[in-house]
Amino acid sequence: MPQLTAGDTAPDFALTTADGSTVSLADLRAAADRGVIVYFYPAASTPGCTTEACDFRDSLAALQATGYAVVGISPDEPAKLARFAEAESLTFPLASDPEHEVSEAWGAWGEKTNYGKTYTGLIRSTVVVDPDGTVTLARYNVKATGHVARLRKDLGVD
């Protein structure tokens, strides 16, 4: 699937979260003054994904204070997301995309290489969507470490 770029309209979604409720892009957009940070990560409770999630957790107050909502999306089932959220004290929604329909629509599912092997899977990505539904920033193949700090700078949070 093609990756999103600034100016594209973000595909809407409604997914089950770690607590069993449903989160939708439309609801998040309506509640955020500046936009929604949608980040895709391969697997809950793995080292890189834990680092990234904790960086978002630690930056959440600053992001929210400047008008951004955050949602993390992975192929994990809600029960695994719930354990992850509890273990790491994550207070933003974690959404389950087990059939990777949303990940595909957002260009975050595709071919990747790890340790010399090529396979299809989730591409660590972050997309920022403004309240009107337009993509303002899209980053694919991001590194878990340091990504949130760079994002904060790009968004003018720091």
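Please read all numbers here as calculations on a predicted model, not as lab measurements. (Residues numbered from 1 in each chain as written. Predicted model: local features only at pLDDT ≥ 70, side-chain atom pairs only at ≥ 80, totals over all residues. Heavy atoms only, no water.)

**Student:** Mind showing me how you'd approach the overall build of the chain here?
**Tutor:** Check the secondary structure of the chain and you find 5 helices and 9 strands. Starting at the N terminus and walking to the C terminus, you meet the elements of the chain as β-β-α-β-α-β-α-β-α-β-β-β-β-α. Over its C-alpha trace the chain gives a radius of gyration of 14 Å, about what one expects of a compact globule, namely 15 Å for 158 residues. Dimensions of the chain, computed from C-alpha atoms along their principal axes, come out at roughly 40 × 35 × 30 Å. For the chain, the residues scored as buried account for 49% of the 158 residues in total. Taking contacts inside the chain between residues at least 6 apart in sequence as the whole, the part at least 24 apart equals 62%. For the chain, the accessible surface area stands at approximately 7500 Å², while carbon and sulfur atoms represent 48% of it. The average position of the 13 basic charges and that of the 21 acidic charges among the side chains of the chain differ by 9 Å. (Helix = DSSP H or I, 4+ residues; strand = E, 2+ residues; numbered from the N terminus. Rg over C-alpha atoms; globule rule 2.2 N^0.38 Å. Buried < 20%, exposed > 50% of the residue type's maximum accessible area, 1.4 Å probe, protein only. Contact = heavy atoms within 4.5 Å. Areas by Shrake-Rupley, 256 points an atom, 1.4 Å probe, with all protein chains shown as cover. Lys, Arg positive; Asp, Glu negative; His and termini not counted. Charge placed at Lys NZ, Arg CZ, Asp CG, Glu CD.)

**Student:** Would you mind going over the pattern of salt bridges with me for this structure?
**Tutor:** In the structure shown here, the tally under the stated rule is 6 salt bridges. Across the salt bridge formed by Arg 124 and Glu 52, the nearest N and O atoms sit 2.7 Å from each other. Residue Arg 124 is located in the loop between strand 7 (117–122) and strand 8 (125–129), and its partner Glu 52 is located in helix 2 (residues 47–65); the two are separated by 72 residues in the primary sequence. A relative accessible area of 14% means that Arg 124 is categorised as buried. Here Glu 52 falls in the buried class, since its relative accessible area comes to 0%. The residue Lys 80 makes a salt bridge to Asp 76 at a minimum N-O spacing of 3.4 Å. (Salt bridge = Lys/Arg side-chain N within 4 Å of Asp/Glu carboxyl O.)

**Student:** Help me understand the pairing of strand 6 (residues 109–114), please; the structure alone is not making it clear to me.
**Tutor:** Note that strand 6 and strand 7 share 6 bridges and pair antiparallel. The residue bridging Lys 112 from the neighbouring strand is Tyr 119, located in strand 7. Connecting strand 6 to the antiparallel partner strand 7 that follows it, the hairpin turn spans 2 residues, and Tyr 115 within it adopts a positive phi of roughly 50 degrees. (Pairing = 2+ DSSP bridges.)

**Student:** Help me understand the sheet that holds strand 5 (residues 94–96), please; the structure alone is not making it clear to me.
**Tutor:** Strand pairing in a sheet relies on backbone hydrogen bonds. The paired strands run either parallel or antiparallel. Sheet architecture is open: 7 strands sit in the order 2-1-5-4-3-8-9, paired in mixed fashion. The sheet terminates laterally at strand 2 (22–24) and strand 9 (135–140), the two strands that pair on one side only. Between one strand and the next, the sheet's axes are offset by a mean angle of 30 degrees, whatever the strand orientation. As paired strands, strand 8 and strand 9 are joined by 5 bridges and run antiparallel to one another. When the sheet's bridge partners are listed, Thr 126 is paired in strand 9 with Arg 139. (Axes fitted to C-alpha atoms, helices over the stretch in contact; angles between N-to-C directions.)

**Student:** Teacher, can you tell me more about the side chain of Asp 76 here?
**Tutor:** The topology assignment puts Asp 76 in the loop between strand 4 (68–74) and helix 3 (78–88). Within the local environment of Asp 76, its side chain forms a polar contact with the backbone nitrogen of Ala 44, the two atoms lying 2.6 Å apart. Within the structure, Asp 76 has its side chain in polar contact with the side chain of Lys 80 (distance 3.4 Å). The residues contacting Asp 76, other than those within four sequence positions of it, are Tyr 41, Pro 42, Ala 43, Ala 44, Leu 81, Ser 96 and Asp 97. (Polar contact = N/O pair within 3.5 Å; in protein donor to acceptor, adjacent residues only side chain to side chain.)

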